[in-house]
Amino acid sequence: MIPELNKIVKSIPEALSIQINQIVYDKKSRGERVYTYSLGEAFFDIPRFEISDEDWKKGYHYSGSLGQPKLRQKLAEMYKYNYQSPINAEMEVLVSAGSKPLIFMIFQTILSAGDEVLVAEPAWLSYKEQIKLAGGVHIPVPYTKSVYEWADYITPRTKAIVINNPNNPSGQLYSREEMTYLVDLARKHNLFILSDEAYSDFLVRTDTFISLAQIDKSKENIIIVNSLSKNMGMSGWRVGYVIAHEQVIKQILKLNQHLITCAPTILQDYMAEHFEEILAYTRPQAVAMAEKRKKVCEILNNVGIKSLRGVGTFYFLLNVSEYNGTTDELVEKLLIEHNIAVVSGIAYGESTKDFVRFGIGVESLENIEKSLKIIKSLLKPSISEAVNG
Ligand code: PMP
């Protein structure tokens, strides 16, 4: 008999989006054509750049746990240049193997047992589980509440507020006013605002994105995570970073030393070496993806499907409340009967259980339109049956 396993870990569900994508991979390996709207990726064209023999050899080995200095320098310069936010590359930036483990380390660093974290829905599905793993209490804030109503959820145990800007899965972008209000709130209640900026380049007008680093230049109440996974289309390389106050970075560094050691050395060096060249390829593709999103907005209007308001990322949260059954049943029907893969909205919070996430990173506009028409036809089965009859 296997000895008892940890209760918290056992209570955590598998990541729903990854589960759906496993079924998609299985179907594809059987030769089926699956219309894939469930993936959290935009597939960029990125050329292969040179890597020196010296970097190749260095790449066999560990590197420092703060991250390669040259890459941290590039990241700090990018934030300074884009968002007029001075960042000390030596003390305020840490690179690790993707933003996912970094967010885990941040919660471990800032939370003590029982501390509450407000998470604005719709919310990326790992925040909740990572808060629980850190002994914290996840407090979901329904998507119907505006930023100016979040204070109602603050208690003496509140330690942090999490935003994802622009938001996966709705595409919502936070305004300067909203973020200024949040930073004031954080100062008043002595909290952290964690801003996950993983999709900051996926906007038609990138100058409309305001980093939280622009609002709180002292960084006393903010922590920023970002990643090369989405903005630079390199999810498989596992390189992410955190920008925070030196005192916070010092604590995260210890966790990174004990958990990860370093992001792959060779990839950090490659990134640092070709940073601007890679951005010159990926930035326009991220903007083009946001333009595609705009076109999909028009298709949605024509087809008659509502979605949550948003302007960025490559996701939509579609309202499927008219379906005559549960959202999970709809997701299953779409996948099994129509080979259309979407993710159930419950993955992003209780308040979005009548929605599905629809990612447009992979399929053509033509296929997107066809699939949306199929989804629409299922939303009012009684009407389409009448038409068919
Ligand atoms: N934050 C958000 C909002 C995401 O959507 C994702 C990936 N889907 C991540 C963080 C994790 O990204 P990574 O670990 O690849 O940097």
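Just to check I follow, could you spell out the site of the ligand for this structure?
As a matter of local geometry, the ligand sits amid 13 residues, with Asp 196, Tyr 199, Ser 227, Ser 229 and Arg 238 nearest to it. Contact distances for the ligand include 2.6 Å between an oxygen atom and a side-chain N or O atom of Ser 229. Here a nitrogen atom of the ligand and a side-chain polar atom of Lys 230 are 2.8 Å apart. Here the ligand loses 92% of its free accessible area of 400 Å² to cover by the protein chains.

How do you make sense of the layout of surface pockets when you look at a structure like this?
Over the atoms a probe the size of a water molecule is rolled, and this reveals where empty space is left. Size it by volume and the largest pocket reaches roughly 670 Å³. Every residue lining the largest pocket is counted, 30 residues in all, and those nearest its centre are Ile 18, Gly 40, Lys 100, Trp 124 and Lys 230. Among the elements that make up the lining of the largest pocket, the one with the highest residue count is helix H2 (residues 16–29) (five residues). The class makeup of the residues in the lining of the largest pocket is eleven nonpolar, 13 polar and six charged.

Just checking my understanding: could you explain the pairing of strand S3 (residues 116–120) for this structure?
The side chains of a regular strand alternate, residue by residue, between the two faces of the sheet. Counted residue by residue, S3 has five buried out of five residues, so it is predominantly covered. Here S3 shows a buried face lined by Glu 116, Leu 118 and Ala 120 and a second buried face lined by Val 117 and Val 119. Read from S3 through helix H6 (residues 126–133) to strand S4 (residues 137–141), the crossover connection turns out right-handed.

Quick question: what am I supposed to make of the sheet that holds strand S12 (residues 355–359) here?
Within a sheet, each strand pairs with its neighbour through backbone hydrogen bonds, oriented either parallel or antiparallel. On the basis of which strands lie adjacent, the open sheet formed by three strands has the order S9-S12-S11 and antiparallel pairing. If you trace the sheet from one side to the other, it starts and ends with strand S9 (315–319) and strand S11 (343–344), each paired once.

Any chance you could explain helix H12 (residues 275–303) here in plain terms?
In an α-helix there are 3.6 residues to a turn, and that puts residues three or four apart on one side. Relative to the 42 Å expected for 29 residues at 1.5 Å per residue, H12 spans 41 Å between its end C-alpha atoms, a close match to the ideal helical length. The largest bend in H12 amounts to roughly 25° and is located at Tyr 281, with the proline Pro 284 lying one to four residues further along. Gly 304 sits one or two positions beyond H12 and adopts a positive phi of about 90°.

I would appreciate a short explanation of the sheet that holds strand S6 (residues 192–196) in the present structure.
Reading across the sheet, the seven strands line up as S2-S8-S7-S6-S5-S3-S4 and stay open at both edges, with mixed pairing between neighbours. Lying at the two open borders of the sheet, with one neighbouring strand each, are strand S2 (93–96) and S4. Neighbour-to-neighbour, the strand axes of this sheet turn through a mean angle of 20°, independent of strand direction. In terms of strand pairing, S3 meets S4 through five bridges, oriented parallel. Bridge pairing in S4 places Ala 120 opposite Val 141. Docked against the sheet, helix H5 (residues 99–110) engages S2, S3, strand S5 (158–164), S6, strand S7 (222–227) and strand S8 (240–244), running at close to 165° with respect to S7.

When you look at the packing of H5 against helix H10 (residues 246–259) in this model, what are you seeing that I'm missing?
For any two helices packed against each other, one specifies the inter-axial angle together with the distance between the axes. Interaxial distance between H5 and H10 falls to 9 Å at its minimum, and their mutual angle equals 120°. Classed by the angle they form, the pair H5 and H10 counts as oblique. Like other packed secondary-structure pairs, H5 and H10 cross with a definite hand, here right-handed. Where H5 abuts H10, its residues Leu 102, Phe 104, Met 105, Ile 106, Gln 108 and Thr 109 lie against Val 248, Gln 251, Ile 252, Leu 255, Asn 256 and Leu 259. Residue composition of the contact of H5 with H10, by class: eight nonpolar, four polar and no charged.

In this structure, what is going on with the pattern of salt bridges? I would like to understand it.
Two side chains of opposite charge can pair, provided their charged atoms sit close to one another. Summed over the entire model, instances satisfying the criterion amount to 20 salt bridges. With a shortest N-O distance of 3.1 Å, Glu 276 and Lys 74 are connected by a salt bridge. A residue pair is termed long-range when its members are at least 10 positions apart, and Glu 276 in helix H12 and Lys 74 in helix H4 (residues 69–83) qualify at 202 residues. When its relative accessible area of 44% is taken as the criterion, Glu 276 is described as partly exposed. According to the relative accessible area criterion, Lys 74 is buried, its value standing at 17%. Residues Arg 187 and Asp 216 are paired through a salt bridge, measuring 3.1 Å at the closest nitrogen-oxygen approach.

Honestly, empty space enclosed by the protein in this entry has me stumped. Any pointers?
Counted under the stated rule, the structure contains one cavity of 30 Å³ or more. Met 78, Asp 201, Asn 231, Tyr 241 and Arg 283 are the residues nearest the centre of the largest cavity, which is lined by 14 residues in total. Of all the elements in the fold, those that place two or more residues in the lining of the largest cavity are H4, S7, helix H9 (228–231) and H12. Among the elements that take part in the lining of the largest cavity, H4 stands out by supplying four residues, more than any other. Split by residue class, the lining of the largest cavity holds seven nonpolar, five polar and two charged.

In this structure, what is going on with the side chain of Thr 265? I would like to understand it.
Following the sequence through the fold, Thr 265 ends up in helix H11 (residues 265–273). One polar contact links Thr 265 to Ser 63, side chain to side chain, over a distance of 3.0 Å. The contact partners of Thr 265, leaving out residues within four places of it in the chain, are Lys 58, Gly 59, His 61, Tyr 62, Ser 63 and Gln 68.

Would you mind showing me how to read the domain arrangement of the protein chain here?
The assigned domain composition of the protein chain is domain 1 (7–44 + 283–377) and domain 2 (60–278). On a C-alpha basis, the centres of domain 1 and domain 2 stand 25 Å from each other. Across the domain 1 to domain 2 interface the summed buried area is about 2700 Å²; carbon plus sulfur atoms make up 63%. Contact with domain 2 buries surface across domain 1, with Arg 283, Thr 313 and Tyr 348 losing the most and accounting together for 22% of the total. Viewed at the interface, domain 2 and domain 1 are joined by one salt bridge. The tally of links from domain 1 across to domain 2 stands at 13 residue pairs in polar contact (both at pLDDT 80 or more). Of all the secondary-structure elements, those providing two or more residues to the side of domain 1 that touches domain 2 are helix H1 (7–11), H2, H12, S9 and S12. When residues in the side of domain 1 that touches domain 2 are grouped by element, the largest group, eight residues, is from H12. The residue makeup of the side of domain 1 that touches domain 2, split by class, is 22 nonpolar, nine polar and eight charged.

Calculation notes
Residues numbered from 1 in each chain as written. Predicted model: local features only at pLDDT ≥ 70, side-chain atom pairs only at ≥ 80, totals over all residues. Heavy atoms only, no water. Near = heavy atom within 4 Å. Polar contact = N/O pair within 3.5 Å; in protein donor to acceptor, adjacent residues only side chain to side chain. Areas by Shrake-Rupley, 256 points an atom, 1.4 Å probe, with all protein chains shown as cover. 1 Å grid on protein atoms, 1.4 Å probe; cavity = no way out; pocket = protein on both sides within 12 Å on 5 of 7 lines; lining within 4 Å. Points joined across faces, edges and corners; volume = space filled by probe spheres on them. Helix = DSSP H or I, 4+ residues; strand = E, 2+ residues; numbered from the N terminus. Nonpolar A, V, L, I, M, F, W, Y, C, P; charged D, E, K, R; others polar. Buried < 20%, exposed > 50% of the residue type's maximum accessible area, 1.4 Å probe, protein only. Right-handed = clockwise from strand over helix to strand, strands pointing away. Pairing = 2+ DSSP bridges. Expected span 1.5 Å × (residues − 1). Bend = angle between axes of the 7 residues up to and from the residue. Axes fitted to C-alpha atoms, helices over the stretch in contact; angles between N-to-C directions. Contact = heavy atoms within 4.5 Å. Parallel < 35°, antiparallel > 145°, perpendicular 65-115°, else oblique. Left-handed = near helix turned anticlockwise from the far one by under 90°. Salt bridge = Lys/Arg side-chain N within 4 Å of Asp/Glu carboxyl O. Domains from an automatic or database assignment. Buried area = accessible area lost by both parts, 1.4 Å probe.

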